[in-house]
Amino acid sequence: MATVTLTINDQIRTVEDIAEDTPLLWVLRDSLGLVGTKYGCGGGYCGACTVHLNGLPVRSCSVTAVAAVGAKITTIEGLANEGLAQGDKHLHPLQQAWIDLDVPQCGYCQAGQIMTAAAFLDANPSPSDADIDQAMAGNICRCGCYVRIKQAIRMASDGLAYNAMDAEEQQV
Amino acid sequence: MNTSRREFIKLTGVVGGGLVIGFHLPTGAETKAASLNAYVQIRPDNTIIIAAKNPELGQGVKTALPMIVAEELDVEWAQVEVIQSAVDYLRYGSQFAWGSHSVPDNWIVLRRVGASARAMLVQAAARQWDVAPQACSTQSGRVSHPQQKGSLSYGELASAAAGMPIPGDDQLKLKSRDQFRLIGQRISGVDNRAIVTGQPLFGIDQQIPGLHYAVYEKCPATGGTVKTANLEEVRKLPGVSHVFELVGNGETTELMPGVAIIANSTWAAFSARKQLKVEWELSDAASDSWTQTQKRARELAAGNGEDVVVSHGAVESALAGAGRSHTAFYAYPYVAHAAMEPQNCSAHYHDGSCDVWASSQTPQSALGNVAGLLNIPTSAVTLHQTRCGGGFGRRLMNDTVCEAAAISQRAGVPVKLQWSREDDMAHDFYRVGGFHALRGGLDEEGRVVAWDDHFITFSENGKSPSRGGDMKASVFPVPMVTNARITRTQLASGIPSGYWRAPGSNAIAFAVQSFIHELAATAGRDHLEFLLELMAMPLQSGAKLDGLNPERAARVITAAAEQAGWHKPRPAGTGLGLAFYYSHRGHVAEVAEVSVDKNRKLALHRVTVAADVGPIINLSGAESQVQGSVIDGFSTMMGLELSIEGGRIQESNFHQYRPLRMPDAPQIDVHFLDSDYPPTGLGEPALPPLAPAVGNAIFSATGIRVRELPLAKSGFSLV
Ligand code: FES
Ligand code: FES
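Everything numeric here is computed off the predicted structure, so don't read it as measured data.

## Focus: the nonpolar core
Ranked by size, the top nonpolar core spans 186 residues in total, and within it A:Ile149, A:Ile153, B:Trp451 and B:Phe580 carry the most contacts. Composition of this core by domain shows at least three residues from each of domain 2 (213-284 + 339-426) and domain 3 (290-335 + 430-718) of chain B. Sequence-distant contacts of B:Phe580, defined by excluding residues within four places in its chain, comprise B:Gln513, B:Leu531, B:Met535, B:Leu548, B:Ala553, B:Val556, B:Ile557, B:His587, B:Val588, B:Ala589 and B:Pro689. Counting 51 residues, the second largest nonpolar core, distinct from the first, contains B:Leu36, B:Met67, B:Ala124 and B:Ile617.

## What about the packing of helix H4 (residues 102-129) of chain B against helix H5 (residues 154-162) of chain B?
Residue and element names in this part refer to chain B. Where H4 contacts H5, the two axes come as close as 8 Å, and the packing angle between them is 95°. One finds that H4 runs roughly perpendicular with respect to H5. Judged by residue contacts, Arg 118, Met 120, Leu 121, Ala 124, Ala 125 and Gln 128 of H4 engage Tyr 154, Leu 157, Ala 158, Ala 160, Ala 161 and Ala 162 from H5. Here the contact of H4 with H5 is built from residues that sort into 10 nonpolar, 1 polar and 1 charged.

## Structural notes on the interface of chain A and chain B
Contact with chain A, which involves 46 residues of that partner, is made by 61 residues of chain B. Summed over both partners, the interface of chain A with chain B buries about 4,500 Å², with 60% contributed by carbon and sulfur atoms. Three residues, A:Gln105, A:Arg142 and A:Tyr146, lead the burial of chain A against chain B; their summed loss comes to 17% of the area buried on that side. At the boundary of chain A with chain B, the tally comes to 4 salt bridges. Between B:Asp205 and A:Lys38 there is a salt bridge, with its nearest N and O atoms 3.1 Å apart. Summed over the shared surface of chain A and chain B, the result is 25 residue pairs in polar contact (both at pLDDT 80 or more). Listed by contribution, the elements that provide at least two residues to the side of chain A that touches chain B are helix H1 (24-31), helix H2 (93-100), helix H3 (110-123), helix H4 (129-136) and helix H5 (146-171) of chain A. The greatest single-element share of the side of chain A that touches chain B, amounting to 5 residues, is contributed by H5(A). Among the residues making up the side of chain A that touches chain B, the classes are represented as 25 nonpolar, 11 polar and 10 charged.

## Things to note about the packing of aromatic side chains
Applying the stated criterion to the full structure yields 14 aromatic pairs over all chains. Relative to B:Phe202, the ring of A:Tyr108 has its centre 5.3 Å away and its plane inclined at 90°; by these criteria the two rings are edge-to-face. With A:Tyr108 in the loop between H2 and H3 and B:Phe202 in the loop between helix H6 (192-196) and strand S10 (212-218), the pair connects residues from two separate chains. As far as burial versus exposure is concerned, A:Tyr108 and B:Phe202 are alike and both buried. An aromatic cluster is built from B:Trp290, B:Phe329, B:Tyr334, B:Phe435 and B:Phe458, whose rings are joined through pairwise contacts. When the ring centre of B:Tyr677 is taken as reference, the NZ or CZ atom of B:Arg552 above it lies at 3.7 Å.

## A few points about the confidence of the model for chain A
Confidence in the prediction for chain A averages 91 pLDDT; 88% of positions are at 70 or higher. In this model residues 83-88 of chain A is a low-confidence stretch, pLDDT under 50, and it forms 3 contacts with partners more than four residues away in sequence or in other chains.

## Considerations on the sheet that holds strand S9 (residues 152-153) of chain B
Strand-to-strand pairing in sheets goes through backbone hydrogen bonds, with the strands running parallel or antiparallel. All names here are of chain B. Strand order in the open sheet formed by 3 strands is S7-S8-S9, with antiparallel pairing between adjacent strands. Unpaired on one side and paired on the other, strand S7 (137-139) and S9 mark the two borders of the sheet. The pairing of S7 with strand S8 (residues 142-144) spans 3 bridges and is classified as antiparallel. Residue Thr 138 lies in a different strand from S8, and its bridge partner there is Val 143. Each of S7, S8 and S9 is contacted by H4, which is oriented at about 45° to S8, the strand it contacts most.

## Structural notes on the environment of B:Gly577
All names here are of chain B. On the secondary structure map, Gly 577 appears in strand S24 (residues 574-583). Considered as a pair, Gly 577 and Glu 590 are 13 residues apart in the sequence and their alpha carbons are 8.1 Å apart. Leave out the neighbours within four places in its chain, and Gly 577 touches Trp 566, Glu 590, Val 591, Ala 592, Ala 693, Asn 696 and Ala 697.

## What about the pairing of strand S2 (residues 11-18) of chain A?
Residues and elements named next belong to chain A. As judged from the 6 bridges shared by strand S1 (residues 2-8) and S2, these two strands associate in the antiparallel manner. Pairing of Leu 6 across the sheet is with Arg 13, part of S2. Hairpin connection of S1 to S2: 2 residues between the antiparallel strands, including Asn 9 at a positive phi of 50°.

## Examining the pattern of salt bridges
Under the defined criterion, the tally for this structure stands at 51 salt bridges over all chains. Salt bridges linked by common partners bring A:Asp102, A:Arg148, B:Arg186 and B:Glu623 together as one network.

## A closer look at unusual backbone geometry
B:Pro477 follows B:Phe476 through a cis peptide bond whose omega is 10°. You can see B:Pro477 is positioned in the loop between strand S22 (448-459) and strand S23 (483-492). Going from B:Leu709 to B:Pro710, the amide bond is cis rather than trans, its omega being -5°. Structurally, the position occupied by B:Pro710 is in the loop between helix H18 (690-702) and strand S30 (717-718). Residues other than glycine seldom take positive phi values, yet A:Asp10 does so here, at roughly 65°. Note on placement: A:Asp10 falls in the loop between S1 and S2. For B:Asn375, which is not glycine, the phi dihedral falls at a positive 60°.

## A word on the confidence of the model for chain B
Residues and elements named next belong to chain B. Looking at chain B, the pLDDT average stands at 95 and 96% of residues meet or exceed 70. Note that pLDDT drops below 50 for residues 1-20; the model gives that stretch 38 contacts with residues more than four away or on any other chain. This prediction of the complex comes with two scores: 0.95 for pTM and 0.95 for ipTM.

## Let's talk about H2(A)
Turning to H2(A), its buried residues are A:Leu94, A:Gln95, A:Ala97, A:Trp98 and A:Ile99. Trailing H2(A) by a residue or two, A:Asp102 shows a phi angle of about 50°, which is positive.

## Some points on the sheet that holds strand S5 (residues 48-52) of chain B
In space, the 4 strands of this open sheet follow the order S3-S4-S5-S6 (chain B), with mixed pairing throughout. The outermost strands of the open sheet, each flanked by one partner alone, are strand S3 (34-35) and strand S6 (80-84) of chain B.

## Quick notes on the domain arrangement of chain B
All names here are of chain B. Along its sequence, chain B is organised into domain 1 (5-195), domain 2 (213-284 + 339-426) and domain 3 (290-335 + 430-718). The C-alpha-based centres of domain 1 and domain 2 are spaced at 38 Å. On the side of domain 2, 14 residues touch domain 1, which itself brings 19 residues to the contact. Here domain 1 packs against domain 2, burying approximately 1,200 Å² in sum over the two surfaces, 53% of which is carbon and sulfur. If you sort the residues of domain 1 by the area they bury against domain 2, Glu 56, Leu 57 and Val 87 come out on top, with a joint share of 45%. Summed over the shared surface of domain 1 and domain 2, the result is 1 salt bridge. Here Arg 387 ties to Asp 191 by a salt bridge, and the two come within 2.9 Å at their closest N and O atoms. Here domain 1 and domain 2 share 7 residue pairs in polar contact (both at pLDDT 80 or more) between them.

About the thresholds
- Residues numbered from 1 in each chain as written.
- Chains lettered and ligands numbered in written order.
- Predicted model: local features only at pLDDT ≥ 70, side-chain atom pairs only at ≥ 80, totals over all residues.
- Heavy atoms only, no water.
- Core = buried A, V, L, I, M, F, W, Y, C linked by side-chain atoms within 4.5 Å.
- Buried < 20%, exposed > 50% of the residue type's maximum accessible area, 1.4 Å probe, protein only.
- Domains from an automatic or database assignment.
- Contact = heavy atoms within 4.5 Å.
- Axes fitted to C-alpha atoms, helices over the stretch in contact; angles between N-to-C directions.
- Helix = DSSP H or I, 4+ residues; strand = E, 2+ residues; numbered from the N terminus.
- Parallel < 35°, antiparallel > 145°, perpendicular 65-115°, else oblique.
- Nonpolar A, V, L, I, M, F, W, Y, C, P; charged D, E, K, R; others polar.
- Buried area = accessible area lost by both parts, 1.4 Å probe.
- Salt bridge = Lys/Arg side-chain N within 4 Å of Asp/Glu carboxyl O.
- Polar contact = N/O pair within 3.5 Å; in protein donor to acceptor, adjacent residues only side chain to side chain.
- Phe/Tyr/Trp six-rings, centres within 6.5 Å; stacked < 30°, edge-to-face > 60°.
- Lys NZ or Arg CZ within 6 Å of the ring centre and 35° of its normal.
- pLDDT = per-residue confidence, 0-100.
- Pairing = 2+ DSSP bridges.

See the structure below:
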């Protein structure tokens, strides 16, 4: 049994008395009530449980909470504030694009899709369609929302490109 | 109906379908909302709260049904707040999600609900102004009158309106189609913001105070019972509070025998379960082997079926006398629903009553299931409807709800029962496999004169076909062919069957619509022209169409072909394939465009869909359903198959059972044909035509005919 202190969405959270092998997923969901991160397969196949560890997308079903100690963890609940000016509670551009294009069907996979896409766009802000396909291939959507997920990523990346251009112009 | 509820009801109006809308919702003091009927509440700030009655599993009814109410109520969508209704037959009539029923069943009722509330608001305004209600008009949630300065908001009128008599159906004037402002628009799903910010919406997200976490181990071969189990050992494991055996009631749809483990976290329960050792008594357990079944079906294919589903004309002599004839044997496997949210349910049994929080497609049946199992009255069961992480027919069965309720009753604590993905794969109600031995005869002009289908399916009770495993006598083209017959053989099976998206059509379409193309090719004729000719043939006497409208069918077939560029020349190695299917009141034609190389590497580039389902309610949701159906259809035909040996499903998770992923998704062009027929649902009808359209496209591209699903079996793989 272990006590772990985690940094989640910029907050320090301590969880007592968990088995050393407890996946981060179940600590988020059961111990901390952060249920936006979903259980889909438990085996690393579906991506529904994707969160960020130091900005990189990881499968929280396949990483123990103990291993996440010391890392900056971001879950879907904390995505809105990321990369935005302080105090700005606007949605992440991907979340907004998801709403604008009405991406979700059942919605169950979407937190994982968005978290994967967010980490991907951070690394590759103006991707090609093939880049998007490759980056998103680890996330299953059983409802088959792929067409719109791709459109929404493109929409958000266009928005990001526009913002980046804006910023550059301002600097000049 | 108990007394308190009876007192609460004001029986002042009845709306079609036996639905009483005179029931006012109890209004929460905190909301200060006035209730106009069971669906509509209005706050003083002119927020309109509309109740969504049916389960939402991704098919979009939580948005589309309230849109219908809002249209007739004459409010702006931005004013509307949607809440999930309680499960209550008296107030909402039947509440369920299957068969693409929500829109057609509720279309008129919900328009009356909106119009009735609107009429009451107008009455209230007319009284305040002392004018005739007929002279008042409404727009954007406000009532106005030509002689009155300004207008009154619904919010200002709501409490007075709530006291007005509820008008009878005959007093209501519904809008004409050209007056619709909201219906037909693109509206983003009402839960989208909550979904993308990770709010607790789904069954699995529910957190009840004092919750314990449960798992339930059942025999992997359905029907097996517990012989021995190391309960004592498991009880000592960390976090475990209860371990016990349940004998169940023998109903696969309710409670089968097994061992429950309750712990202080999901992980503790999952971990303890790894140490659980159960020896199963298998004498009554399923023992199916898919390998054996396929062999048996091939042997049977030569003869006719045990019973005749439909027969007209003289099939045998017509086949014998036909200028040309053609035979083919089609096969498709068992498949699973594999909804993204693994089955789960929270239940709290206390003091003779039971609360359940469940993602169910049939919440009203669940009440009866739980009551019967726990031996308490139905009125003592409350089901809290949650959003469902996919259904596809899986959540029509309330087995998980029954298990959770029984475990809570036995342990005396609130529990969340969590199935693993492996449980979900092992204990589904599967879409049964099936086989078709088809024979067709053509006359000298290449017209179909004979059609014979020996349909081989499954039966669990030895009497009737498995759920979703029957074939209708009306399956096109049977009603139009002079000499036509369907015979049926049922193979005994112990594998639980269920309804899977577009049951009765989802795989039959593959066999039938592929074989029509085979006959066109045998006749050396263009498939489009051949299909349209067949559709235009007169109905045989005594034959039934069961809702198929040949004119609507011809329109969608023509439109899909036109939009896809049917007659344009094509590069070698690519091909177009066409298919039509009528199911769940929807007429849908699809054209698939594929390319295939020498190594059978396949790419599905584009699917063109033309559908006639009457006027569209929510264009965004409707289009999404079609896209999802196309991808589901392709995913399933390409690589999904369950191997069954010893009555056990061999595929345990997504590494073995592999739904399609983004890189393999095609472009999908959706065309809804405008029609004045009443609107019908879209959860299902766009799925059946996909597989035959792709199969036919592969034939056009390569000359290779695929007659067995999934395609992976014939060496096809995705580029
Ligand atoms: S739940 Fe973690 S990858 Fe599926
Ligand atoms: S929206 Fe249902 S699984 Fe993706």
